[in-house]
Amino acid sequence: MYRSLIRFYYAAAVLAVVCMNGYNVGIDRSTWAHIFRFDFYFVTGTMLLFTFALHRYTTVRLDPVRQTSFRERRGEDATRLAFDRLTRFPGEVFRFVALAGAIGSAAYHGLEVYGFRIRPFDELVLRHLAVEQAFAWTLAFVYMSVARWLLRPYFRFYRGARASAVPPRSFVRLWTGAFAAGLFFIAIPQLWFIRNMTLRGEQPSASATIGIALVAMAIASAVMFLLFFYLRRELRTLSASMRALSGAAERRPRALPATVRDEIGELAQAIGELHAKAAAAREEQREDLALAASLQRMLLPAERHEADGLRIRCRLQSAKAVGGAFYDYMALPDGRIAIALGEVSSAGASGALMMTAAVMLLRTELRAGGTPGEVLTRLNASMHDTAGGDPLVSLGLVVLDPGDGTARYAGAGHTAPFRWEGGSIELVPSSGLPIGALPDTAYIEGEWTLRPGQRLILYNGGVAERFRADGQENGFAAFRDFAETLPAGSDPEEALDRIWAFGGAEAGNRDADRALLIAEATVVPAKEERRYA
């Protein structure tokens, strides 16, 4: 995981050797003979030794992180250790480089002055020490920023982890130090160049002064730009993470910038904890919804039923994990059969709860006896007392007497069902307010004889709206036309499949719950059909 860091170390070492020796030739007017007599070998050897030491230090410090990052199961102690190593490492790199620069600079000039006695200890040596310290600090900022950048992707393995009790350090120190180092690095070389030319009685040219200033400013600006760019990137990542937390973004960023224990790291840690809590809450909600969906499926009867002279086929699909649409059928104590299909006006978990209450209350009222109109009248009073008129329930109820084939239907704000026979469609009138709208609503009913081969098709708006075409107000007319094309003599399950599969990706009302029930009479005593009351 740290190969990119190691490659950067050695590339930076080569660049540092070139810069430091070029500085001695370009600014101090040292000869190449002098450079290759002592400076080049010392600088090259020192940088290689420093880079190798940093290489080994990085390997030792980050090896626990590498071992932990790619394990599926990570213990809490191992995770905390790895997270601590990651958060502390960029600061450790900064201190390592700054300390190495101080030791290397002191060793170089100590050997130069007291070891090889190449020059006396004078103001030139002091100026070199100042410039080299500014260069070392600038380089330390670069190393730290690169370490933060390259290690950042690995923080996605440790979301929700907390570092040990380490006091945060303000990034004000970082920016203050970088600014001071940049000023020294810009000012000292050109001032010293002008000073040398003045002592030699030469007039420094404007082009030379501007050129040196531009080079120094370019190097210092590159360092500052790196810091500013990284800070902007971290702030943008935090903003994106907050938008993801509020649901305003499609997904959460892969990793938060918690790579140092400063204000940004603390903010990233706080946002990460919020994400962890939100993820736990979402998982808990997902489990609750899965349980609710399972209970809903257990509450409803099977999708296939053949008994009492009827063949019943049903299908239900919720737009979300749970929904408010339902179907139901049951044998009543007096031998009749009740068939119902309905929908709650609210969606999601609240709609699912109200749907459960509606089904249970409906079954209770059906067992109490009465015609469909009487059942809906009592159910309406009970639901209004329970929910206070919000949400509402649309419902279509059929009660069939297998003895004489009498079918009675009452509707409460529901889509009018169809009677299908041999490709011919007849609309079953439906009237009445939705259940729960007004407490004293009375529901009327229609009556007819269900002949063998005749089908009753009950559906909700989510089924009909899928037949909506561009420019049409609704899809009920198109649904009726489609139902007339169903082949005669086909199995009711085949008819249900055809209706259910209708409509492609462009079909309307994709976000609505769908419920469909087809009941076909098989053996019913012949009887003259009655008209609606």
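Keep in mind the model is a prediction, meaning the values are calculated, not measured. Here the residue index of a chain counts from 1 through its sequence in written order. Whole-chain, interface and lining totals are the exception, using all residues; otherwise, since this is a predicted model, local features are given only for residues with pLDDT of at least 70 and side-chain atom pairs are given and counted only at 80 or more. Hydrogens and water molecules were not included; the side-chain quantities draw on all heavy atoms of the structure.

## Points about helix α8 (residues 348–367)
Our working rule: Secondary structure follows DSSP: runs of H or I at least 4 residues long count as helices, runs of E at least 2 residues long count as strands, and numbering of each begins at the N terminus. The span expected for a helix works out to 1.5 Å for each residue beyond the first. Only protein chains enter the accessibility calculation, which uses a 1.4 Å probe. A residue is then buried if its area is under 20% of the maximum for its type, exposed if over 50%, and partly exposed in between.
Its 20 residues give α8 an end-to-end C-alpha distance of 29 Å, which sits within 8% of 28 Å, the value for a rise of 1.5 Å per residue. All buried positions along α8 are accounted for by Gly348, Gly351, Ala352, Met354, Met355, Ala358, Val359, Leu362, Arg363, Glu365 and Leu366. Gly369 lies just past α8 and shows a positive phi near 90°.

## Quick look at the side chain of Arg61
The line we're drawing: In protein, a polar contact requires one atom able to donate a hydrogen and another able to accept it; more generally it is a pair of N or O atoms within 3.5 Å, and residues adjacent in sequence count only if both atoms are side-chain atoms.
Within the secondary structure, Arg61 sits in helix α2 (residues 32–69). Only 2.8 Å separates the side chain of Arg61 from the side chain of Glu92, close enough to count as a polar contact.

## Regarding the packing of α8 against helix α9 (residues 372–387)
The line we're drawing: For helices, the fitted line uses only the C-alpha atoms of the stretch in contact; every axis is such a line through C-alpha atoms, and the angle between N-to-C directions lies from 0 to 180 degrees. For classification, angles of less than 35 degrees are called roughly parallel, those exceeding 145 degrees roughly antiparallel, those between 65 and 115 degrees roughly perpendicular, and all remaining angles oblique. Here a crossing is taken to be left-handed if its near helix is turned anticlockwise relative to the far helix by less than a right angle, and right-handed if that turn runs clockwise. In this analysis, two residues are considered to be in contact whenever any of their non-hydrogen atoms come within 4.5 Å of each other. Residue type decides the class: Asp, Glu, Lys and Arg count as charged, Ala, Val, Leu, Ile, Met, Phe, Trp, Tyr, Cys and Pro as nonpolar, and the leftover types, Gly among them, as polar.
Relative orientation of the contacting elements α8 and α9 amounts to 140°, with a least axis distance of 10 Å. For the element pair α8 / α9, the angle class is oblique. In the crossing of α8 with α9, the sense of the turn from one axis to the other is right-handed. Every residue of α9 that contacts α8 at Met354, Ala358, Leu361, Leu362, Glu365 and Leu366 is listed here: Val375, Arg378, Leu379, Ser382, Met383, Thr386 and Ala387. Of the residues in the contact of α8 with α9, the class split is nine nonpolar, two polar and two charged.

## Regarding α9
Cut-off, in case you're wondering: The arc refers to the directions leading from the helix axis to the C-beta atoms.
Relative to the 22 Å expected for 16 residues at 1.5 Å per residue, α9 spans 22 Å between its end C-alpha atoms, a close match to the ideal helical length. Within α9 the residues assigned to the buried category are Pro372, Gly373, Val375, Leu376, Leu379, Asn380, Met383 and Ala387. Each buried residue of α9 sits inside an arc of 145° when the element is viewed along its axis, so together they form one side. Contacts made by the buried residues of α9 are with α8, β5 (393–401) and β6 (406–412). Gly388 sits one or two positions beyond α9 and adopts a positive phi of about 70°.

## Description of the pattern of salt bridges
We apply this condition: Criterion for a salt bridge: a side-chain nitrogen of Lys or Arg within 4 Å of a carboxyl oxygen of Asp or Glu.
Scanning all chains against the criterion turns up 17 salt bridges. Here Glu92 makes a salt bridge to Arg61, at a shortest N to O gap of 2.8 Å. A residue pair is termed long-range when its members are at least 10 positions apart, and Glu92 in helix α3 (residues 76–115) and Arg61 in helix α2 qualify at 31 residues. Residue Glu92 shares its accessibility class with Arg61, and that shared class is buried. Where Arg451 meets Glu421, a salt bridge forms, and the shortest distance between an N and an O atom there is 2.5 Å. Taken together, the residues span a long stretch of sequence, with Arg451 in the loop between β9 (446–449) and β10 (455–459) and Glu421 in strand β7 (residues 418–421) at a distance of 30 residues. Glu421 gets classed as partly exposed once you look at its relative accessible area, which sits at 29%.

## Section: the sheet that holds β10
Short version of the rule: We call two strands paired when DSSP finds no fewer than two bridges between them.
Taken in spatial order, the six strands line up as β1-β2-β11-β10-β7-β8 in an open sheet, and their pairing is antiparallel. The two strands at the open ends of the sheet, each matched to only one other strand, are β1 (304–307) and β8 (424–427). For this sheet the average axis-to-axis angle between neighbouring strands, irrespective of direction, equals 15°. Where β7 and β8 come together, four bridges link them in antiparallel fashion. Across the sheet, the residue bridging to Arg419 is Glu426, located in β8.

## Section: the sheet that holds β9
Here we have five strands laid out as an open sheet, ordered β3-β4-β5-β6-β9, and antiparallel in their pairing. A single partner strand is all that each edge strand has here, and the edge strands are β3 (325–331) and β9. Across this sheet, the average inter-strand angle for adjacent strands is 15°, counted without regard to direction. Taken together, the seven bridges between β5 and β6 define a ladder with antiparallel strand orientation.

## Focus on the pairing of β1
Where a strand is regular, its side chains alternate between the two sheet faces. Two strands pair when backbone bridges link them, and β1 and strand β2 (residues 310–317) are joined in this way by four bridges, in the antiparallel orientation. Looking across to β2, one finds that His305 is bridged to Ile312. Where β1 folds back onto β2 in an antiparallel hairpin, the turn is made up of two residues, including Asp308, whose phi is positive at roughly 55°.

## Examining the nonpolar core
Threshold: Residues grouped as a nonpolar core are buried Ala, Val, Leu, Ile, Met, Phe, Trp, Tyr and Cys residues, joined through side-chain atoms within 4.5 Å.
Residues Ile339, Leu376, Leu397, Ile435 and Leu517 are the most contacted members of the largest nonpolar core, which totals 49 residues. Core analysis: the next-biggest nonpolar cluster, separate from the first, contains 33 residues, Phe8, Met47, Phe141 and Met144 among them.

## Concerning the packing of aromatic side chains
Our working rule: Each pair of aromatic rings taken from Phe, Tyr and Trp, with Trp reduced to its six-membered ring, is defined by centres within 6.5 Å and is described as stacked if the planes are under 30 degrees apart, edge-to-face if over 60, and tilted in the remaining cases. Only when the NZ atom of a Lys or the CZ atom of an Arg is both within 6 Å of the ring centre and within 35 degrees of the ring normal do we say a charge sits over the ring.
Summed over the entire model, instances satisfying the criterion amount to eleven aromatic pairs. Ring centres of Tyr459 and Phe476 lie 6.5 Å apart, and the angle between their planes is 45°; this geometry places the pair in the tilted category. Of this pair, Tyr459 sits in strand β10 while Phe476 sits in helix α11 (residues 476–484); the two residues are 17 residues apart in sequence, bridging distant segments of the chain. Connected via pairs of aromatic rings, a cluster forms that spans Phe8, Tyr9, Phe50, Tyr57, Phe89, Phe96 and Tyr143. Cation over ring: Arg514 sits above Trp500, and NZ or CZ is 3.9 Å from the ring centre.

Spatial relationships are all this shows, so hold off on functional conclusions.
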